[in-house]
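Each chain is listed here by its residues.
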Protein chains: 2
Amino acid sequence: MRSLLLAAAILAVPAAAQEPNRRSPNEIVAAAPASEWVSIAPSDLLVMTLAPDARGKPRQVVIQLMPPPFSQGWVENIRALAKARWYDGLSVNRVQDNYVVQWGDPDGEDAAKAKKLPAGLRVMKDGDYLATVVGDDLLKRTRWPDNYAGFATFKNGWPLGTSMKSVHSFDYQSWPVHCYGMVGVGRGMPPDTGSGAELYAVIGHAPRHLDRNIALVGRVVEGIEHLSSLPRGTEALGFYKTAAERVPIVSIRLASDLPEADPASSSEAVGQQTRPRFEYLSTESATFAAYAEARANRRDPFFIQPAGGADICNIPVPVRRAAD
Amino acid sequence: MRSLLLAAAILAVPAAAQEPNRRSPNEIVAAAPASEWVSIAPSDLLVMTLAPDARGKPRQVVIQLMPPPFSQGWVENIRALAKARWYDGLSVNRVQDNYVVQWGDPDGEDAAKAKKLPAGLRVMKDGDYLATVVGDDLLKRTRWPDNYAGFATFKNGWPLGTSMKSVHSFDYQSWPVHCYGMVGVGRGMPPDTGSGAELYAVIGHAPRHLDRNIALVGRVVEGIEHLSSLPRGTEALGFYKTAAERVPIVSIRLASDLPEADPASSSEAVGQQTRPRFEYLSTESATFAAYAEARANRRDPFFIQPAGGADICNIPVPVRRAAD
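Conventions we followed
- Residues numbered from 1 in each chain as written.
- Chains lettered and ligands numbered in written order.
- Predicted model: local features only at pLDDT ≥ 70, side-chain atom pairs only at ≥ 80, totals over all residues.
- Heavy atoms only, no water.
- Buried < 20%, exposed > 50% of the residue type's maximum accessible area, 1.4 Å probe, protein only.
- Helix = DSSP H or I, 4+ residues; strand = E, 2+ residues; numbered from the N terminus.
- Contact = heavy atoms within 4.5 Å.
- Pairing = 2+ DSSP bridges.
- Axes fitted to C-alpha atoms, helices over the stretch in contact; angles between N-to-C directions.
- Expected span 1.5 Å × (residues − 1).
- Buried area = accessible area lost by both parts, 1.4 Å probe.
- Salt bridge = Lys/Arg side-chain N within 4 Å of Asp/Glu carboxyl O.
- Polar contact = N/O pair within 3.5 Å; in protein donor to acceptor, adjacent residues only side chain to side chain.
- Nonpolar A, V, L, I, M, F, W, Y, C, P; charged D, E, K, R; others polar.

Chemist: When you look at helix α5 (residues 286–296) of chain B in this model, what are you seeing that I'm missing?
Modeler: Residues and elements named next belong to chain B. In terms of residue burial, α5 counts as a mostly covered element, since ten of its eleven residues are buried. Those residues of α5 not exposed but buried are T287, F288, A289, A290, Y291, A292, E293, A294, R295 and A296. Among the structural elements, α2 (25–30), β7 (144–146), β8 (150–155) and β15 (278–281) are those in contact with the buried residues of α5.

Chemist: How do you make sense of the sheet that holds strand β5 (residues 100–104) of chain B when you look at a structure like this?
Modeler: Adjacent strands of a sheet pair through backbone hydrogen bonds, lying either parallel or antiparallel. Residues and elements named next belong to chain B. Pairing within the closed barrel is antiparallel, and its eight strands lie in the order β2-β3-β13-β11-β12-β5-β4-β14. Here the strands of the sheet are splayed against their neighbours by 35° on average, with no regard to which way each runs. Where strand β3 (residues 59–65) lies against strand β13 (residues 216–222), four bridges are found, and the strand directions are antiparallel. When the bridges of β13 are listed, L65 appears paired with G218. Along the sheet, helix α3 (residues 72–83) contacts β2 (45–50), β3, β11 (182–185), β12 (199–202), β13 and β14 (247–254); its crossing angle with β14, the most-contacted strand, is approximately 105°.

Chemist: Any chance you could explain α3(B) here in plain terms?
Modeler: All names here are of chain B. For α3, spanning twelve residues, the distance from its first C-alpha to its last is 16 Å, which sits close to the expected 16 Å at 1.5 Å a residue. Within the span of α3, buried status applies to Q72, G73, W74, V75, N77, I78, L81 and A82. Elements that come into contact with the buried residues of α3 comprise β2, β3, β11, β12, β13 and β14. Count one or two residues on from α3 and you reach R85, which has phi positive near 55°.

Chemist: How should I be thinking about the interface of chain B and chain A in this particular structure?
Modeler: One widely used convention gives an interface's size as the accessible area the parts lose upon coming together. Listed by partner, the interface residues are 53 residues for chain B and 54 residues for chain A. For the chain B and chain A pair, buried surface summed over both sides reaches about 5,000 Å², with 58% attributable to carbon and sulfur atoms. Area buried by chain B at its contact with chain A is led by N147(B), H205(B) and F302(B), which between them contribute 16% of it. Linking chain B to chain A there are zero salt bridges. If you look at where chain B meets chain A, you find 28 residue pairs in polar contact (both at pLDDT 80 or more). Of all the secondary-structure elements, those providing two or more residues to the side of chain B that touches chain A are α1 (2–12), β7, β8 and α4 (225–228) of chain B. For the side of chain B that touches chain A, the leading source of residues is α1(B), giving three residues. Split into classes, the residues belonging to the side of chain B that touches chain A amount to 28 nonpolar, 13 polar and twelve charged.

The following block contains the structure:
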């Protein structure tokens, strides 16, 4: 039965990737040629600076925003809120173990005290939750069985759930999935869809039941430990009980609004933020195929029993700082 | 294709559980009759007391040990080590984000400095890693498709991976799986199997590739936040760089070695540990079937799109404090 379930995934892995070797997934990625790494545009990177921790250490979290065709209404709102410096001075208000860290205006649900949102934000419709794309080219890509969507796959650097649109066609629909580190848009009860003013990051086992119920707008690519190691809130849903427990947000900026690092200048020495540069391993590359196969079939020396399969969220897309 | 993959799980759910309703999984569990809760024996509970946190708050983690037929050699060693008070004074030495927290003797790999183990510990064989049980009664139980094992199921309160022993028989083999909060036995390279002196808990997305590669001996049933919110180590694999970063373990005791709480005594008032009592929701109960179905098909008011399936590790077995 296992062979039945995994047949689709195995058939679609290039033959070269199936040759047994003892390299670990990380070793495979380290050997990727430069041509397989894709730069992330500075306008797709959000830099969140939290107040320093109790020992005075700086805390910076970098988020990659979701590319088209998914969730672009919310992503545009988030860019507008960052440009307006609207998030500055807000806080992390909720940390629920094995679930999410959430940040935004702690008074957001109190109309009298809520921080005023800038004009011009887009209001998304109810159906925008689903954020699916129909007519996808699934059959050309490696597929993994998936309990939530039917299949899972990777495209343009992101993990997607995929299923047939109907049993009468070969059209597929795809949507982004809630893996560890993914960032989504907090909302109230439907038909509210959230604006992007309230965001959360996943810090536990993938809560895939949220897929197509909340808009995903990105993923943490650096500094997730500054969110995942925060004290858990003791109120319902992990909200902090007191204002003193909240973690202040100093600023949230688009990387494209930060100055480029200048080796000739001393700006970094005095603590001024400069633009970070990141790149991801192309999910369409030969190295990614070999990496994903190795995540499913560990043969490096520690392992005795390769699994023969993997969960889409246990194949994190490699992302790294790019050389200047 | 989704319907094919999920057919086994859906067919095996009792018809009553499929009636649409708007109760959340937690509401379903809250309505379970007392008869569906199973007491955990005090000899199956391990109470780990860490040093208080920076603000002086106590930190206690309770672990339920794995019942037969799995991993009993290591479980017996852990009971012997706790009875010998061998763990007392050791520390949490490794915290790797989205992976594991590990504790034991920080000098364990230095023969000259390592803390001497008590005599009489069992030495397990290489094949004991696999910890499988053949001839399982899988066909009588609710099954979930699983990318790692073929199928996953629950038995006697634990999540198990299950696959056919061979394509020529209807014999199944089962083994415990690495979900969030599961506790396992650290080891070096094979054929080392570890003794139980070095333990870890999962604090991230289920690292299911470790199944059948490391022995699982239990799960955290209370206080996981005292492990998951620890600062991440900055050395390779998340080890702490300095001894000062390690988190001291005050004691690890079997609950059966702690005195029972006595309402007439003031022992609790002066901080003496008393025996905690826990119970889990029978995974063979009607309520668990309805709960698991609701985890896969959220219909409570926040949700718009029920998933139609779930990952075995996204159906945590409910465990709670029992009334005295």
